[in-house]
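Here is what each chain is made of, one letter per residue.
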Amino acid sequence: MIKIRFAQPDDVQKIIEIEKKCFSSEEAASPASIERRVSRYPNHFWLLFDCDDDGAEKTLLSFINGLVTDQKDLCDEMYENDMLHDEGGDWQMIFGVATAPSAQHRGFASLVMNKVVADACRDGRKGIVLTCKEKLRSFYEQFGFKSEGVSNSTHGGAVWLQMRLTFTADSGI
């Protein structure tokens, strides 16, 4: 049994552990950054847990996090400056999609992404923006994200594609 919920302060250490396993040291959010994000905008940290039959949480398996802003493009400053979050903003930015290595390739990230998309749409956002490496482009395209080419982001010293999912009346999203 699984459950998706928003982050709470007690989740910070579990999030940090998965973050360190999924991203290079240059790309991973610092523990202090994760703690600030969870404190400032916990409702933009979606966590997927494995639960026992009674619904008690056992293990954090996957999560997605980001902030909301009126800025149309994701920029590197957003990763560290939690004050750029604007709960009434138009765009849900995604900083990271992470799944514990032992739980990868089992559809957990897709389940969380579907929840993020549904919540952002329900909350009246214009859409969702993220950056990814070329090898993950097709994963995001299955949710309707479109590549806008190489991002201006140099986060972690990597080359990133900016991907955007725009909610429109005719898209059904």
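Quick look at the structure, then. (Residues numbered from 1 in each chain as written. Predicted model: local features only at pLDDT ≥ 70, side-chain atom pairs only at ≥ 80, totals over all residues. Heavy atoms only, no water.)

Focus: the overall build of the protein chain
Thinking step 1. Within the protein chain one finds 5 helices and 9 strands.
Thinking step 2. The secondary structure elements of the protein chain, listed N-terminal to C-terminal, are β-α-α-β-β-β-α-β-β-α-β-α-β-β.
Thinking step 3. Over its C-alpha atoms the protein chain spans a radius of gyration of 15 Å, differing by no more than 12% from the 16 Å that the globule rule assigns to 173 residues.
Thinking step 4. For the protein chain, the C-alpha atoms occupy an extent of roughly 40 × 35 × 30 Å along the three principal directions.
Thinking step 5. Expressed as a percentage of its 173 residues, the buried residues of the protein chain come to 47%.
Thinking step 6. Sequence separation of at least 24 residues holds for 64% of the intrachain contacts in the protein chain that already meet a minimum separation of 6.
Thinking step 7. Side-chain charges in the protein chain split into 20 positive and 27 negative, and the spacing between the mean points of these groups amounts to 2 Å. (Helix = DSSP H or I, 4+ residues; strand = E, 2+ residues; numbered from the N terminus. Rg over C-alpha atoms; globule rule 2.2 N^0.38 Å. Buried < 20%, exposed > 50% of the residue type's maximum accessible area, 1.4 Å probe, protein only. Contact = heavy atoms within 4.5 Å. Lys, Arg positive; Asp, Glu negative; His and termini not counted. Charge placed at Lys NZ, Arg CZ, Asp CG, Glu CD.)

Remarks on the sheet that holds strand β6 (residues 96-99)
Thinking step 1. Read from one edge of the open sheet, 4 strands run β1-β2-β3-β6, paired in antiparallel fashion. Both edges of this open sheet fall to β1 (2-6) and β6, since each of them pairs with a single strand only. Taken over all neighbouring pairs, the strand axes of this sheet differ in orientation by 25 degrees on average, direction set aside.
Thinking step 2. Where strand β3 (residues 57-65) meets β6, 4 bridges bridge the pair, whose relative direction is antiparallel. Residue pairing in the sheet places Phe63 in a bridge with Ala98 of β6.
Thinking step 3. Sitting on the sheet, helix α4 (residues 108-122) is in contact with β1, β2 (45-51), β3 and β6, with an inclination near 55 degrees to β3. (Pairing = 2+ DSSP bridges. Axes fitted to C-alpha atoms, helices over the stretch in contact; angles between N-to-C directions.)

Some words on the packing of aromatic side chains
Thinking step 1. Per the stated rule, a full pass over the model turns up 6 aromatic pairs.
Thinking step 2. Centre to centre, the rings of Phe139 and Phe143 are 5.2 Å apart; their planes meet at 70 degrees, and the pair counts as edge-to-face.
Thinking step 3. For Phe143, a relative accessible area of 12% gives the class buried.
Thinking step 4. Each member of the aromatic cluster is reached from another via a ring pair, and the members are Phe139, Tyr140, Phe143 and Phe145. (Phe/Tyr/Trp six-rings, centres within 6.5 Å; stacked < 30°, edge-to-face > 60°.)

What about the packing of helix α1 (residues 12-22) against helix α2 (residues 31-40)?
Thinking step 1. In contact at an axis separation of 10 Å, α1 and α2 are set at 135 degrees when each is read in the N-to-C sense. Between α1 and α2, the crossing angle belongs to the class labelled oblique. For the crossing formed where α1 meets α2, the hand is right-handed. Side by side, α1 and α2 meet where Val12, Ile15, Ile16 and Glu19 of the first sit next to Pro31, Ile34, Glu35 and Val38 of the second.
Thinking step 2. Tallied by class, the residues present in the contact of α1 with α2 amount to 6 nonpolar, no polar and 2 charged. (Parallel < 35°, antiparallel > 145°, perpendicular 65-115°, else oblique. Left-handed = near helix turned anticlockwise from the far one by under 90°. Nonpolar A, V, L, I, M, F, W, Y, C, P; charged D, E, K, R; others polar.)

Topic: the pairing of strand β7 (residues 127-132)
Put simply, side chains in a regular strand alternate between the two faces of the sheet.
Thinking step 1. Counting buried residues in β7 gives 6 out of 6 residues, a clear majority hidden from the surface.
Thinking step 2. Taking every second residue as pointing to the same face, both faces of β7 are buried, with Gly127, Val129 and Thr131 on one and Ile128, Leu130 and Cys132 on the other.
Thinking step 3. In this structure, strand β5 (residues 91-94) lies alongside β7, joined through 4 bridges in parallel fashion. The residue bridging Ile94 from the neighbouring strand is Leu130, located in β7.
Thinking step 4. By the bridge criterion, 6 bridges tie β7 to strand β9 (residues 161-166) in an arrangement that is antiparallel. Bridging across to β9, Val129 finds its partner in Arg164.

Quick word on unusual backbone geometry
In terms of backbone geometry, most residues other than glycine have negative phi values and most peptide bonds are trans.
Thinking step 1. The phi dihedral of His105 is positive, around 65 degrees, even though this residue is not glycine.
Thinking step 2. With respect to the helices, strands and loops of the structure, His105 is situated in the loop between β6 and α4.

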